Each structure stands twice: as structure tokens, then as C-alpha cells.
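Coordinate inspection notes
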Amino acid sequence: MKHIVLVEDDAAIKDIFQLALQNKGYTITSLDNGDRITSGEIESPDLFVLDRQLSGANGLDICRFIKTNEKYLNVPVIMLSANPDIVTLAIEAGAEEALTKPFSLKKLRETILKYFV
Amino acid sequence: MDNYALHNIEPNVPIADKYLTLFNNIAQGFCIVELLFDTAGKPYDYRFLEVNPAFEKQTGIENALGKTMRQLQPDMEEYWYELFGNAVKTGQPVHFERQAENLAGGVWYEVFAYPFGNQQLAILFNDITLRKRLQDRQAFLLKLNDALRPLADPLEIQAVAAKLLGQHLDVNQSHYGEVSGRHHHEELRQSDDVTTDPAISQTERAALAAAQIGAYIAVPLVKKEEWVATLSIHSIAPRNWKQHEIELVEETAERIWAAVERAKAQDALRKSEEALRESESLLYGQKEAFQAAMSGQSLAVSLGVLFRTAIQQTAGEARAAFFMIPPQGKDLYLVAGMSEEYARDVNGFAVGPESMAFGLAVHSGNAVITPDVEKEPLWKPWLWLARKHNYRACWSFPVRTEGGPALGTFAMYYQNPRQPNARDLELAALVSHAAAIIMSRHTELVERTQAEEALRKSEALLTTVFKVSPIGIGFTDLNGKILLSNDEMLRFQNHPGIRAAHGKPVTPLMEMIFTDDDNNKIWTRVASIAVRNDRDEVIGNVSVVTDIDELKRIAEALQESERQLKQLIKLKDEFIGIASHELKTPVTSMKAYAEIVHERLEETGDHENSDLLMRLTAQIDRLTTLINHLLDTARIAEGQLQLIVESIDVNELLLERIEEIKRTTNHRFVWQPQELPPVVADRERIGQVITNLLSNAIKYSPKGSDITINSQAVQNGIEISVQDRGYGIPVSDQQKIFDRFFRVTANKMDTYPGMGLGLYITSQIIQKHNGAISVKSEPGKGSVFTFFLPYTNNQPK
């Protein structure tokens, strides 16, 4: 089972991820914020999906933490945002890829799948 | 003989000796005669008893002793016998003067006769012919003078004088005739008998005979070596002209000449006196007219004086009028003279060649003389006027100053046809000249009055403006002392700006805070400029101080409100940004849920419901587009539209976007891909542009119609166009369609509401790429949108 950690404070998006990827061999850990990542509590997953706009720390800050923390250093990060400029900002923050909202189910699956082939 | 005489004068011998000596030596003639009487006692002769030597000399009678007068001189006048006879009869001596015409060529004698003894007379006599002639001449000349003195006419003088001379000399004809231009000297000519005169030729003789001239004297009158006249006297009978007669004719000729000259001189004098009187009266009239004009009387008054004077000069025969072109005017109007009715009839007559009389006189600058209007064809259109006002002659003279333009005309009218003489023209010239002076002065006066009035008004206006101006204006001298200031300036007397400006040619506008006496701080604007006199020396400064305190506060308030407005706009754009962002998250979920349900229905084969869900998805996509537009617009407004550029293949992008949009529509897309070099651009944004143009083409054209895409490389870049066969865009809207929130409004399009942001964003993206976008459209035929992208967009926009 592939392990994906999703940091997202919107319940619907979390739900979409579950529904889109269920029965496809993924385990999704959904977090409301990045606290458990920055504390190192979460085990290193196969993929991080971080929403940019969170109630606590900014998704880009979490990404930078991941990319500078030895524990998560090699885990790919996909940034999520409604703002199209996330594409550049995500790369700058060390993320592998950015996915702009709204996205189609197809696009989501294709993007995720890339990191498990 | 001698003895006989002595014997007869006895008895006083010794005394007689003395008298004998005296008797023989005196110059007077002396004789003693014995009167002889006929039987009737009438004296009929006398015998000479004694004669002295002077007797013969005085009488020309020789050997008179013992002989009688009738023996010696039978044609002696009878009165001699009567006079001497009376003396003897009465015994009284007699004294008389008488002429003996046939004695010694007609001699006048003064005679003293003393009777004595027996019918004897002692006669002492003297030849007084010369004195007599002189007296006679004198008397004639006096008479001539008296006759000529009252005469003024040269011809009359000549006639009267010739007549008197003729009478005096007792001739048949006397004639004085003037000649002129004869420079050769005419000789005096005379002939006592033309029939025998050898100096007269046969031809002349015949002519003289025909004229019944038997004798003549012709006296030429030569003045200044010039033969000027001849006085001639003729006698039918031959006549022995005497020297004194010739001399008298000569003298008379001189007198006639003198009298004629005097008459001519008097005539000239009289004429000149008359002219003087006339010109005096004219001058007086002129002077009066000038005085009237100078004292500010109206033109009608001053010209009225002048025209009355002019009429007086014509002895009231003429009527006259002055016409004038008013300043800045074109037409003539009557100023003075004639009648009010005439003025009404003629006022407004145009100046010009077609205008008769005064209008023409002004136009041509020459006098227009019509001696008889009835005979002048050009007068035909105005004959009614002349007839109505009863004149036949009309003379118009231009009134103009020396070298100046014509100001008007002076016109004279005569009831009867009349040609002007030299004097009339002279009068007209004088009057016109005077009128010109008055008119030009009047024009000057009017203009000056107007100018003064304008000046006074503008000065008053300036003073008022200066005084009530809300701007402080002050003039300071070289010591910085305020010499002149307006009310507002009183507030700023100690303004540092004024002192600072002192002596500088120009002080630019400065804004300064001025603290007044009450310690109020006032924002002011001050400027100053040096004032120079005629010699270009600085004599002071003019300073201008404006209270801009209120202005400043308003400006500050304005700046504040502008700042607030900007803040509000920023907040609004931020809000739109955040709002649209926040909107996207639920939209994302909605879309994903719909897709998941769609997948599940597909799996169960429920295509009907699956299709409904696809429609839901399409609407969510539309919502997403709208949100994106809002977001982009907010970004553009904030200047945050940032491009992520890379080298892109526009053909690939076109293919991708066409394929994507093809699925949502039944329009046919026509595209022949051309080989295109890569361009450096934001792939996502250019894709957005293509999609936007394609979806607009779909939106605004009939279902199933062709949409033609054209792509080609051009100089420095590529050009992409999207052409539809749609409704087109009205020309008036073509320039506005790239504006924010602009929407083409047409009946067929209201099925596609939007926010009018698509083309705005599109054009902003293209501009950000240093490209260009344009539209060509014809309503009813469709539109072509074309954008250009440079290969590189390295020039920042």
C-alpha cells in the first residue's frame, strides 16, 4: 500500500481524495495542519500532498520544512492551490509539482500516479 | 513917313521924344489908327497913322502907314471894326483878347485901345497866341478829365475821349483803337490833303476816298517800346493840321491811355475788393464753422454754418448739402443742407461707381459736375429725385483731406441748368477743403472720444480688478517699501517672500507659510518680478501673494481621499482575489464529486444520469471560468499578472486547446497547421487566450458554423487569428471590446451572459507579452480576432 499524507483543512477535498483514490492501493493520512509533520510525529510517507492555504502554518512553509528535514527529504511533495501562481512558488519551495484548483478527477489521478510508477 | 507920324502927334515935342524912343523900343505892337465910318455912322475900316517896329513883327503886315486895314487884310474879322468903333464912339478905352484867324497864321492878341483926339485910337497889342493855345489846351484837357473821371469802362472812356477831341478839333471822325503785340514802332502819320499828298499811294488814296477821309492825323501810342494804340482823327475836307493840334491829339492819346489804365486798375481793384469782401465773408464763415467744430458742436451745426456761407457766396442762387461717410461706414448720409425730406430720400446712398453724383464723387475722388440732370443719361434713375426737389444742375465735389481718403461730398444744386465757372469751382474747392478739415476733425474727435472712453473703462476695470482681486498685489521700491498695494496685500505686508524677491529680476512661484500678526499660519504662494523704467533700469518689484491655505487644505483632503480610494480599490481587488480563491475550493469539490458520481453511473451503465452529471460538470467549468476571470482581473488591477515564460510550440498548444473545446460544441473547426518557430511565452496564459477566442467564436456564431483558425509566422513573431461566421460587432463597439467589463449587446447574444472580462484579460495577457491584438468585424458576417506574439518578449511592458 502506498502511503500518502494529505494536509488539507477542507473536509470536502479530503473526502474527494479518499473517493478518487480508494480501491487503488493507496493509504491516505489526512491532516488538518502540518503540526504532526513539523513535530516529526508522522512516519515518512510515499507522497505529501499539501494545500497552500491552511489555518495554521502555510503549506509552502511545510513544504520547505519537508525539503530541509532529513526524515522527509526524499518524499515527493505535490502542492495544492486555487492560485495559479502556485506553480512557480511550489517549485521555489522545493515541491515536485503543483496542482491548481479546480482540477478534474482525471488530472488528480494522473498526477498522483506519476509518483508510483 | 516918320516925319508924318511925328507931325501928327504934336504939340508936346520934348515929351514926344521920350515916348518916341519908348515907342520904337517896346516889344508890344503899337499903332495909332484913325477910325473910318460909313454914312450910317458904322465903323467899317481904320487907317494906320503910326506903327512901331514891333507892329510888323507882331502882325506880319508890312508898310502899313497910311493904309487901311481892309486894304492890307481884306478878310479881317468884322468884330475888330466894331470893337475899335465902339471905343471911339464912347471915348472909353477897351481891353480885349481876340483872334485874328487869317493874320500871321491865326494869332491871338491882347489889345488895349485908347481913343483920343479926332476919332483916333492908340492901340497897344501883344501876341498871346501861345498863352491862348495853352489855355485852350488846358481847358480841353480839364474838360476831358472831367468827362473821363466818372467812367469805368475802358471802351466808354475811349469813345467819350475821341468824341470830345473830335468836337474840340472840329473834325468828322475821331477814333481810338487798341492794338496789341506790335513790336515795331509806328510813326506818326498825317496828311493835310490825301488827294495831293505824295506820301500816299494810289491804293491808299482810293481807300481813304472811299472812307471819306480828306485829311487825317494818326498818333501812335507806344508804351514800353510796344505800340499799344492809335488815336486818329479824320476830316472829310483837306485841312492844314497845326502843330498844336497834333500835340493835342498826342496828349489826348496819352490821357486816354492813362484813363483806361486807371479804369482798368480801378476795375481790378474793385474786383479784388469784391473778391476780398467775398473771401472775407467766406473766411469768416469758415472761421465760424471751425469754431463750432472745435467747441464740440455737432457736425450738422458746424457744416451748417459752412454751407450757409457757401450759399451766401452764390447770392442765394444755389442750394448746397454735405454728405458724409460715417466712421467705419460705407454709405453716405446727409449731414447738413438741403431739406429733411431730401435727407430721407438720399440717406444710405452707396459709395461706388454705379452711384451717381455724390456717391461717384466719393468713389472717384473727382468732382462730378452735371450741368443739366435732364440731359445726363446716367441721371435717369435719379431724375425723380431732381424733379421732386426741383433742381437741374447738380455739382458734387469730394471732401477729402490732403492725401487722405474721401470723407464725404459737398454738393451744390441749381434750379436751372448751369455750368460752373472758375469762381464757382474755386468756391467749391474752398468749401470742400474747409469741410474736409471739419469732417476729419470730427472723425478724429469721435474716435478719440471712443478711445478715451474705452481707456477709461478699461482703467476703471483694471482698478477694480486690482482693488478687489483676491490675490495680493503690491509694488515695492528699491528699498523694499510697499508703494502701492491692493486690499488683499495689506494682509501680507511683512511677507518674507516679498523681501526675498527684492532686487531679483524674477522670483519663481514659491509656496511658503506666512505667520500673520495674530500668529496664524497661512499657506501662501508668492511670486515677484522686477519692474523697469523706460531706460531699462530696475525701479522696484511687483509681488503677488496668493492665500492658498484653503487650497492646501483641500489638496491635502483630496490627497487623503485619493489615498483612501486607492486603498479601497486595493481592498476590493484583494477581496475579489480572496473571494474567488475561496470560491474555487468548493467548486473543486463539486466538480470532483460530480465526476465520481459520473464514474459510478458509467460503471453501472446508467448513461442517462451519467449524461446529466456531465452537464453539471460543464456548468461547474463555466463557474470556474468566471471565477478565474475575476481573479485575473483583480491580478491585472493589482499589477500582479505575472508570466511564467518558456519556449513553447504554439501549434501544439493550438491543437490541444482546439481538441479540448471541440468536445463541448458542434462547431466545425477549420485549421491548416503551418510550421511555426517556437516563441517565448507563458504557455498557460497563451492557452487561456486561445481558449477564450475560440469560446467567444462559438458563443457569438450560429451553431454548427465554421470557425477558421489561421496561424503563421510573420516578421519577428507569429500571428494567430480566429475567425467566426457570427453576428459581428458593430463598428462603434470595436474599439471598446477590449475594455474591462465591456459587453457587446445584441439581441442574439443575450443567451450568453458574462461579466465582460474575457477579452479584457486576453488583451492584457497579449500586452504583457509585448504582443498585439486586434479585431476586424462586419456585423452579420462575423469577426476575426488576430493576435501577434513576438518570438521573445524580453522588452518589459
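Described in the following lines is the structure provided in the data block. (Residues numbered from 1 in each chain as written. Chains lettered and ligands numbered in written order. Predicted model: local features only at pLDDT ≥ 70, side-chain atom pairs only at ≥ 80, totals over all residues. Heavy atoms only, no water.)

Structural notes on the pattern of salt bridges
Between side chains of opposite charge, a pair can form as their charged atoms come close. Residue and element names in this part refer to chain B. Taken as a whole and judged by the stated rule, the model has 51 salt bridges over all chains. A salt bridge links E254 to K223; the shortest N-O distance between them is 2.7 Å. Of this pair, E254 sits in helix α9 (residues 243–294) while K223 sits in strand β8 (residues 215–223), and the two are 31 residues apart along the sequence. What makes E254 partly exposed here is its relative accessible area of 33%. (Salt bridge = Lys/Arg side-chain N within 4 Å of Asp/Glu carboxyl O. Helix = DSSP H or I, 4+ residues; strand = E, 2+ residues; numbered from the N terminus. Buried < 20%, exposed > 50% of the residue type's maximum accessible area, 1.4 Å probe, protein only.)

Notes on the packing of aromatic side chains
To describe a pair of aromatic rings, one takes the distance between the centres and the angle between the planes. All names here are of chain B. This structure, assessed with the given rule, holds 23 aromatic pairs over all chains. Pairing F738 with F785 gives two aromatic rings, centres 6.2 Å apart and planes at 90 degrees, and the pair type is edge-to-face. With F738 in the loop between α20 (731–734) and α21 (758–768) and F785 in strand β27 (residues 782–790), this residue pair connects regions lying 47 residues apart in the sequence. For the pair F738 and F785, a shared accessibility class is recorded, and that class is buried. Site record: aromatic cluster; members linked through ring pairs are Y46, F48, F55, Y79, W80, Y81, F84, F96, Y109 and F125. Directly above the ring of W523 sits K552, whose terminal nitrogen or CZ lies 4.3 Å from the centroid. (Phe/Tyr/Trp six-rings, centres within 6.5 Å; stacked < 30°, edge-to-face > 60°. Lys NZ or Arg CZ within 6 Å of the ring centre and 35° of its normal.)

Focus on empty space enclosed by the protein
All names here are of chain B. Following the criterion strictly, the structure yields three cavities of 30 Å³ or more and no others. Roughly 150 Å³ of volume is contained in the largest cavity. Every residue lining the largest cavity is counted, 14 residues in all, and those nearest its centre are Y46, T59, M69, W80 and F125. The set of elements that each furnish at least two residues to the lining of the largest cavity consists of β2 (43–51), α3 (53–59), α5 (78–90), β4 (107–116) and β5 (120–127). Taken together, the residues of the lining of the largest cavity break down into 13 nonpolar, one polar and no charged. (1 Å grid on protein atoms, 1.4 Å probe; cavity = no way out; pocket = protein on both sides within 12 Å on 5 of 7 lines; lining within 4 Å. Points joined across faces, edges and corners; volume = space filled by probe spheres on them. Nonpolar A, V, L, I, M, F, W, Y, C, P; charged D, E, K, R; others polar.)

Description of the packing of helix α1 (residues 11–21) of chain A against helix α5 (residues 105–113) of chain A
Residue and element names in this part refer to chain A. Contact geometry for α1 and α5: axes closest at 11 Å, N-to-C directions at 75 degrees. Here α5 runs roughly perpendicular to α1, going by the angle between their axes. Contacts from I16, F17, A20 and L21 in α1 reach L105, L108, R109 and I112 in α5. A per-class count over the contact of α1 with α5 returns seven nonpolar, no polar and one charged. (Axes fitted to C-alpha atoms, helices over the stretch in contact; angles between N-to-C directions. Parallel < 35°, antiparallel > 145°, perpendicular 65-115°, else oblique. Contact = heavy atoms within 4.5 Å.)

Let's talk about the side chain of T617 of chain B
When you line up the elements, T617 of chain B lands in helix α17 (residues 607–638). Contact partners of T617 of chain B, with chain neighbours within four places excluded, come to K591, A594 and E595 of chain B.

Let's talk about unusual backbone geometry
Here the residue pair K101 of chain A and P102 of chain A is connected by a cis peptide bond, since its omega of -10 degrees sits within 30 degrees of zero. Tracing the chain through its elements places P102 of chain A in the loop between β5 (97–100) and α5. Its identity as a non-glycine residue notwithstanding, M338 of chain B has a phi of 50 degrees, on the positive side. Locating M338 of chain B in the fold gives a position in the loop between β11 (331–337) and α11 (340–346). The phi torsion at D536 of chain B lies on the positive side, around 65 degrees, for a residue other than glycine. By the secondary structure assignment, D536 of chain B is in the loop between β19 (521–532) and β20 (538–547).

Regarding the environment of Q158 of chain B
All names here are of chain B. In this structure, Q158 sits in helix α7 (residues 154–169). In this structure, the C-alpha to C-alpha distance between Q158 and W257, residues 99 residues apart in sequence, is 8.4 Å. With near-sequence residues (within four places) excluded, Q158 lies in contact with Y176, E178, I256 and V260.

So, the sheet that holds β4 of chain B
Residue and element names in this part refer to chain B. With antiparallel pairing, five strands are arranged side by side in an open sheet as β2-β1-β5-β4-β3. Looking at strand neighbours, the two that pair on one side only are β2 and β3 (94–100), the edges of this open sheet. Going from strand to strand, the sheet's axes swing by 35 degrees on average, the running direction of each strand aside. Bridge count for strand β1 (residues 29–37) against β2 is seven bridges, and the pairing is antiparallel. Paired with E34 across the bridge in β2 is R47. Sitting on the sheet, α5 touches β1, β2, β3, β4 and β5, and the angle it makes with β3 is about 170 degrees. Relative to the sheet, helix α6 (residues 129–148) contacts β3, β4 and β5, its axis offset from that of β4 by approximately 125 degrees. (Pairing = 2+ DSSP bridges.)

Points about the nonpolar core
Residue and element names in this part refer to chain B. One finds I686, L694 and F787 to be the most contacted residues of the largest nonpolar core, which totals 39 residues. Looking at which element gives the most residues to this core, the answer is helix α19 (residues 683–699), with seven residues. Beyond its immediate chain neighbours, meaning those up to four positions away, L694 contacts R657, I658, I661, F669, I707, I709 and V722. Counting 32 residues, the second largest nonpolar core, distinct from the first, contains M324, V399, L407 and I438. (Core = buried A, V, L, I, M, F, W, Y, C linked by side-chain atoms within 4.5 Å.)

Observations regarding the sheet that holds strand β26 (residues 772–778) of chain B
Residues and elements named next belong to chain B. One open sheet accounts for five strands, arranged β22-β24-β25-β27-β26; its pairing is mixed. The open sheet has two free edges, formed respectively by β22 (668–671) and β26, since each of these has just one partner strand. The average angle at which neighbouring strand axes cross in this sheet is 15 degrees, direction not considered. Relative to β27, α19 is tilted by about 175 degrees, and along the sheet it contacts β22, β24 (706–714), β25 (717–724), β26 and β27.

Some words on the interface of chain A and chain B
In this complex, chain A contributes 21 residues to the contact, which on the side of chain B involves 18 residues. The largest contributions to the chain A side of the interface with chain B come from A82, P102 and L105 of chain A, which together make up 29% of the buried area. Counting the contacts that link chain A with chain B gives one salt bridge. In this structure, the salt-bridge partner of R109 of chain A is E599 of chain B, at a minimum N-O distance of 2.2 Å. (Buried area = accessible area lost by both parts, 1.4 Å probe.)

Some thoughts on the pairing of β25 of chain B
Residues and elements named next belong to chain B. Summarising burial for β25: six of the eight residues are buried, a large majority. Strand direction decides the pairing type here: β25 and β27, joined by seven bridges, are antiparallel. Bridge pairing links I718 to L789 in β27.

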